[in-house]
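Listed below, chain by chain, are the residues.
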Amino acid sequence: MMNPLDWNTLLRLLPEILAGLTLFSVVGVDRGLISHWGEQARFTVSRLFACGALAACALVSLAEIPFGSSVGLAGAAVFDPLSSFAQAAIFLLASGSLWLTSPEDAGEHPAEFFALGIASALGLSLMASARDLILLFISVELSGLSLYALCAFHKKSAASAEAALKYFTIGAVASAFTLYGFGILMSQAGGTRFDEIAVGLFSHPPTLWTLVGVIFSLGGMAFKITAAPMHMAAPDVYRHAPLPVASMIATASKVGAAMALIRLVGHALSPDVPLGGWHAVQDFWVITAGWLAAVSMVLGNLGALAQQGFRRLIAYSGVAHAGYMLVALFSCTPQGYACLLFYSVIYAAANLGLFALIAGRDESEGDSLRRWQGLATHSPAAAIALGVFILSLAGLPPTAGFAGKFFLFMSAAGGALGWMQATPLLAVGLLASCIGFYYYLRVLKYAFVHGVEEGEASMTVRVLPLVWISLAVVLVLGVAPNFLLAPMAQWAAGLFPSASL
Amino acid sequence: MSLVPWTIWLTLAGMAILSLPVWRHSAQHKWVALITALSGLAMATIAFLSYDISAGGVQGGLSLPWLPSLGISFSLGADGISVVLCLLTGLVAVSGVLFSWNIEKNSRAFFLLFLGLVGGVYGVFLANDLFLIFFFYELAIIPKFFLIAIWGHTRKDYAAMKLVLYSLVSSAAVLLGILLLVAASGTGSFDMQSLAAAKISEPVQIWLFPLLFLGFGVLAGLWPFHTWAPTGHVAAPTAASMLLAGVVMKLGAYGCLRVAVQLCPAGAAHWSGWVCALGAIAILFAALIALRQRDFKFVIGYSSVSHMGFVILGLGTLNATGLAGAVMQMFSHGVIAGLLFAVVGRMIYERTHTRMFGELSDLRHRLPFAFWTFVLAGAASMGLPGFSGFIAEIQVLIGTWKSQAIWLVPTVLGMAVTFAYTLQALHQGFFTPAAQGDTHASEQLPSITLPEKVAALLLLSATLWAGLNPEPLNRRIYPAVSAIAERVAAATAPAPQP
């Protein structure tokens, strides 16, 4: 029997342990040491503490990449370069999102706000290394519950409460799906660890229950990556939740969900040893993922087309992007999984930049696209940044979105199923993304073409570093995607030796 | 030493220099843009002259690993078609800057976008890797949107959105075609040479070809997907219309030739009748519409679609003569369309502030330089001997005669209508006498400026050079298109019995 907590596991869990300690000490410091300070000062200290600690967690995760892979917590968690990288991205994105918090967002309990933010980042990070259905479910719930509470943090805003309620309701349904699906998978495979499932599911012909389990598991997980049909709460949440929370859901949450999905389908639902052929279980999840992708791409893009509000538009475009990411699952190759994670990271970078730009401007006039009117005239640099982020979402060069989307579709075309089977999905995806061009161009039109009406609007200085970092990521990875994609592909290839058929 | 890629590097360097904050006046922006465009033209000319005709093939290559794991490399190089089209791009870019000498509003942004578009176009013509071709192809789309939406006129919002959506939707078809082509080739590489060497089964080629050809063809003004072109050209500022009609439409035609025909030869052979039909219909249909336009710039816009019909028709012939004629027509129309748009958009409209026939009066005397430029450009556009249009169209006609002679009927009718609308435009635009009591008609118009004259003479001499001495062009184009025609012939030849 493996010792669940040996030294190696403790070392590899260091980022999570650090995050957990920070979670409590943020509240502790606020309550114990500085409770007599003014609200503004307490807020500033809590924010610095939380963001700094999360950035430190990210650095520790990055430093763990060279350590290779190992399994810990009695086989429930796996620590490998791909997970470490995803965790670093999650912590960085969470730190960046929380950095956007304004005193109004956090209200009179700043420490609690940041503690919940850290808790959700912790959950997402555990999701990225979960190798067991139970740990996966617990970490999904940890991040989910913290985010539900954060959504409602604008205590005096009815809209914020409504968004939180919707988010919670859909989230609860998704959890029920996930739990039921996981339960069936466990009963069919005779274990909860992914390696046990990978042996158990493939040792006998699949039953109808296996199919139900796969559909329910993937359908439930779709909620975390905001894929249709679990996307219904997204527009309200993006619009009415406190901005850093919306940013967290749009960025860190997607990366965590992408990594968890990769591991679920690539490890648990793929045969552990090459079968020398195709197994019906793989058909089940590939087709399920394909349908989820197609529905998300179509619904997301059509939904975004009708939006007048910018944050709602980004929400629907997020649904569409979840669909694009799921297209890569269709490939069933490590290369495709690497492309998926790559895309989730650059998508998150562009979105973080957009949320930073939103946070940098006065939002008193509501959510209309008009908020960007005349941006090019009074702050050209911000307008160029907005343009680059939007182009990246639209998938146009020279931004990372172009390369990333190309790789997603390419991996599906070159996937294990063959390009003929992938053609309908690719056609749907490309048609849907054509719809997307229209609403992205509308945003650009407001920023660059329509003139200013009146007044000077300036950007808050605090958000600028985030804007520049995101901009650098989006542009550098647009011109030199290999910089990140090559190591990712290498890590992914080491993870799923049997996945390439 | 590879010289061709320097067209791209110098354009990028010029953009970087232009974005430095030290330039504060629009005059400085113009000079930086002009020097950039000139150095691009110089590089294109050197590449054209130094292209080794006896060696042939792709020369001046440069290949850097870009995404080795995905079979993608940053690979540039020029064959005989590419050097000709790069030379065209250089010419139109220089004259475009000169014709934009009156831009004062946001001149830095204008020239940055202009050069970005030029750089993207050079990239497509030189890229030797399918991914890279698509990268540059998409890169050239976004500047168009801003150039039209910000600096344009005449329903510019609508035109910009329409043009860019047409481009993007068609490029989605191209992307699907590229992905399936690479997957079906089984090479796992985007390199053009290895894709050309790959065996793709005939049924697959037969349905991949329309996807790629229509996808690229939209940008070439392929009938019936041409409607973005007239509205877009009319709404664009002069330099952008020149680039759009002059070189951007050639991107589409180049893609049709380089990707669709070259990589799917069996598909091309299967669909060649349809391609010829679309080309011939476009020639006649667009010419008839041009005949009925009241807006001078729309006449030129539809004439562009009609002339691009010759390119499509040439591509459909699939023999060396017709393909060479298509490439020659790309060059010829690029120069002539640039010239015509400059006359109407810059020389006339910027001075009279109208382009409507009936409101333009007695321009023959008021703008003699514009008049003579239009006479010469119109003659070139009608395909009179001595101009490049003649050389191009005669080759397309001969090529068509050899393969799909039936489509000569609408083509020749279309050429007759071309005479009609060109002469009608000449008459209504320049010879209409001033109406009684029309005070505007006697107004002195600002005279044609030196930059305009230099640019017009540059383009005029290019069309005359290609018309009087086509050998330098043909000797570069023929080996390249013959190789493609041979691929098609080999693909359609019955398989030898073992």
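The structure we're discussing is the one just above.
Residues numbered from 1 in each chain as written. Chains lettered and ligands numbered in written order. Predicted model: local features only at pLDDT ≥ 70, side-chain atom pairs only at ≥ 80, totals over all residues. Heavy atoms only, no water.

**Some remarks on the overall build of chain A**
Logical step 1: A tally of helices and strands in chain A yields 22 helices and two strands.
Logical step 2: On C-alpha atoms alone, chain A measures out to a radius of gyration of 22 Å, which is about the 23 Å that the 2.2 N^0.38 rule sets for 501 residues.
Logical step 3: For chain A, the C-alpha atoms occupy an extent of roughly 70 × 55 × 40 Å along the three principal directions.
Logical step 4: Here chain A holds 501 residues, and 64% of them are scored as buried.
Logical step 5: Looking at chain A alone, contacts between residues at least 24 apart form 82% of all its contacts between residues at least 6 apart.
Logical step 6: If you sum the accessible surface of chain A, you get close to 16,500 Å²; carbon and sulfur atoms cover 70% of it.
Logical step 7: Taken together, the 22 basic and 25 acidic charged side chains of chain A have centroids lying 5 Å from each other. (Helix = DSSP H or I, 4+ residues; strand = E, 2+ residues; numbered from the N terminus. Rg over C-alpha atoms; globule rule 2.2 N^0.38 Å. Buried < 20%, exposed > 50% of the residue type's maximum accessible area, 1.4 Å probe, protein only. Contact = heavy atoms within 4.5 Å. Areas by Shrake-Rupley, 256 points an atom, 1.4 Å probe, with all protein chains shown as cover. Lys, Arg positive; Asp, Glu negative; His and termini not counted. Charge placed at Lys NZ, Arg CZ, Asp CG, Glu CD.)

**Describing the packing of aromatic side chains**
Logical step 1: Following the criterion strictly, the structure yields 49 aromatic pairs over all chains and no others.
Logical step 2: An aromatic cluster of at least three residues, connected via ring pairs, comprises A:Phe342, A:Phe402, A:Phe406, A:Phe407, B:Trp9, B:Trp66, B:Phe74, B:Phe131, B:Phe134, B:Phe135, B:Phe136 and B:Phe190.
Logical step 3: Just above the ring of A:Trp99 sits the side chain of A:Arg47; from NZ or CZ to the centre is 4.8 Å.
Logical step 4: For the cation-ring pair, A:Lys155 lies above A:Phe153, with the distance from its terminal atom to the ring centre recorded as 4.5 Å. (Phe/Tyr/Trp six-rings, centres within 6.5 Å; stacked < 30°, edge-to-face > 60°. Lys NZ or Arg CZ within 6 Å of the ring centre and 35° of its normal.)

**Observations regarding the pattern of salt bridges**
Residues and elements named next belong to chain A.
Logical step 1: The tally for this structure, following the rule as stated, stands at 17 salt bridges over all chains.
Logical step 2: Close ionic contact of Arg263 with Asp80 constitutes a salt bridge, the shortest N to O distance being 3.2 Å. Of the two residues, Arg263 is situated in helix α13 (residues 252-268) and Asp80 in the loop between β2 (77-79) and α4 (81-99); the sequence distance between them amounts to 183 residues.
Logical step 3: Close ionic contact of Asp236 with Lys166 constitutes a salt bridge, the shortest N to O distance being 2.3 Å. Taken together, the residues span a long stretch of sequence, with Asp236 in helix α11 (residues 234-240) and Lys166 in helix α8 (residues 158-189) at a distance of 70 residues.
Logical step 4: In this structure Lys166 comes out as partly exposed when scored by relative accessible area, which is 33%.
Logical step 5: Through salt bridges with shared partners, one network takes in Asp30, Arg31, Arg42 and Glu112. (Salt bridge = Lys/Arg side-chain N within 4 Å of Asp/Glu carboxyl O.)

**Overview of helix α17 (residues 388-403) of chain B**
Residue and element names in this part refer to chain B.
Logical step 1: Helix length check: α17 (16 residues) gives 23 Å between terminal C-alpha atoms against 22 Å at 1.5 Å per residue, within 8%.
Logical step 2: Regarding α17, the residues found buried are Ser388, Gly389, Ile391, Ala392, Glu393, Gln395, Val396, Leu397, Gly399 and Thr400.
Logical step 3: Tucked into the core, α17 has its buried residues touching α13 (296-317), α14 (320-352), α16 (368-382), α18 (408-431), α19 (450-468) and α20 (471-492). (Expected span 1.5 Å × (residues − 1).)

**Description of the pairing of strand β1 (residues 59-67) of chain B**
Residue and element names in this part refer to chain B.
Logical step 1: By the bridge criterion, six bridges tie β1 to strand β2 (residues 72-78) in an arrangement that is antiparallel. The residue of β2 that forms the bridge with Leu67 is Ile72.
Logical step 2: Between β1 and β2, which pair antiparallel in sequence order, lie four residues; one of them, Gly71, sits at a positive phi of approximately 75°. (Pairing = 2+ DSSP bridges.)

**Description of the nonpolar core**
Logical step 1: Counting 380 residues, the largest nonpolar core has A:Phe407 and B:Leu130 as the members making the most contacts within it.
Logical step 2: Take this core: its biggest share by element is 20 residues, from helix α16 (residues 334-359) of chain A.
Logical step 3: Contacts of B:Leu130, omitting those with residues within four sequence positions, involve B:Ile178, B:Leu181, B:Val182, B:Phe190, B:Met192, B:Leu195, B:Val259 and B:Leu263.
Logical step 4: In terms of nonpolar packing, the next biggest core, distinct from the first, is built from nine residues, B:Ala280, B:Ile283, B:Val396 and B:Met415 among them. (Core = buried A, V, L, I, M, F, W, Y, C linked by side-chain atoms within 4.5 Å.)

**Considering the packing of helix α2 (residues 26-50) of chain B against helix α4 (residues 107-126) of chain B**
All names here are of chain B.
Logical step 1: At their nearest, the axes of α2 and α4 sit 9 Å apart, and the two run at 10° to each other. When the axes of α2 and α4 are compared, the pair comes out roughly parallel. Here Ser26, His29, Lys30, Ala33, Thr36, Gly40 and Leu41 of α2 lie close against α4, whose contacting residues are Ser107, Arg108, Phe111, Leu115 and Tyr122.
Logical step 2: Of the residues belonging to the contact of α2 with α4, the class tally is five nonpolar, five polar and two charged. (Axes fitted to C-alpha atoms, helices over the stretch in contact; angles between N-to-C directions. Parallel < 35°, antiparallel > 145°, perpendicular 65-115°, else oblique. Nonpolar A, V, L, I, M, F, W, Y, C, P; charged D, E, K, R; others polar.)

**A few points about the interface of chain A and chain B**
One frequent convention defines the size of an interface as the accessible area lost when the parts assemble.
Logical step 1: Listed per partner, the contact involves 33 residues of chain A and 32 residues of chain B.
Logical step 2: For chain A, the biggest contributors to the area lost against chain B are A:Phe406, A:Trp419 and A:Leu441; these three give 21% of the whole.
Logical step 3: Between the two partners, chain A and chain B, sit one salt bridge.
Logical step 4: Put simply, B:Asp157 and A:Lys445 hold a salt bridge, and the shortest N to O gap is 3.9 Å.
Logical step 5: Along the contact surface separating chain A from chain B lie two residue pairs in polar contact (both at pLDDT 80 or more).
Logical step 6: Broken down by class, the residue content of the side of chain A that touches chain B amounts to 25 nonpolar, six polar and two charged. (Buried area = accessible area lost by both parts, 1.4 Å probe. Polar contact = N/O pair within 3.5 Å; in protein donor to acceptor, adjacent residues only side chain to side chain.)

**Topic: unusual backbone geometry**
Residues and elements named next belong to chain A.
Logical step 1: In this structure, the amide linkage connecting Ala228 to the following residue, Pro229, adopts the cis form with an omega of 5°.
Logical step 2: In this chain, Pro397 is followed by Pro398 through a cis amide linkage whose omega measures 5°.
Logical step 3: Summarising the element assignment, Pro398 is placed in the loop between α18 (380-394) and α19 (400-413).
Logical step 4: Here Thr226, not a glycine, exhibits a phi torsion of approximately 50°, which is positive.
Logical step 5: Inspection of the secondary structure assignment puts Thr226 in the loop between α10 (208-224) and α11.
Logical step 6: By relative accessible area, which is 7% here, Thr226 ends up buried.
Logical step 7: For Cys332, which is not glycine, the phi dihedral falls at a positive 55°.
Logical step 8: Assignment of secondary structure puts Cys332 in the loop between α15 (310-329) and α16.
Logical step 9: For Cys332, a relative accessible area of 2% translates into the label buried.

**Thoughts on the side chain of B:Thr231**
Residue and element names in this part refer to chain B.
Logical step 1: When you line up the elements, Thr231 lands in helix α10 (residues 228-235).
Logical step 2: On the basis of relative accessible area, Thr231 is assigned to the buried category, the value being 15%.
Logical step 3: At 3.2 Å, the side chain of Thr231 and the backbone oxygen of Trp228 are in polar contact.
Logical step 4: Aside from chain neighbours lying at most four places away, what touches Thr231 is Tyr158, Ala159, Lys162 and Phe298.

**What about the packing of helix α6 (residues 141-151) of chain B against helix α7 (residues 156-185) of chain B?**
Residues and elements named next belong to chain B.
Logical step 1: The N-to-C vectors of α6 and α7 enclose an angle of 170°; their axes lie 8 Å apart at closest approach. By the angle between their axes, α6 is roughly antiparallel relative to α7. Across from Ile141, Lys144, Phe145, Ile148, Ala149 and Ile150 in α6, the residues of α7 making contact are Lys156, Asp157, Ala159, Ala160, Met161, Leu163, Val164, Ser167, Leu168 and Ser171.
Logical step 2: The residue inventory of the contact of α6 with α7, partitioned by class, reads 11 nonpolar, two polar and three charged.

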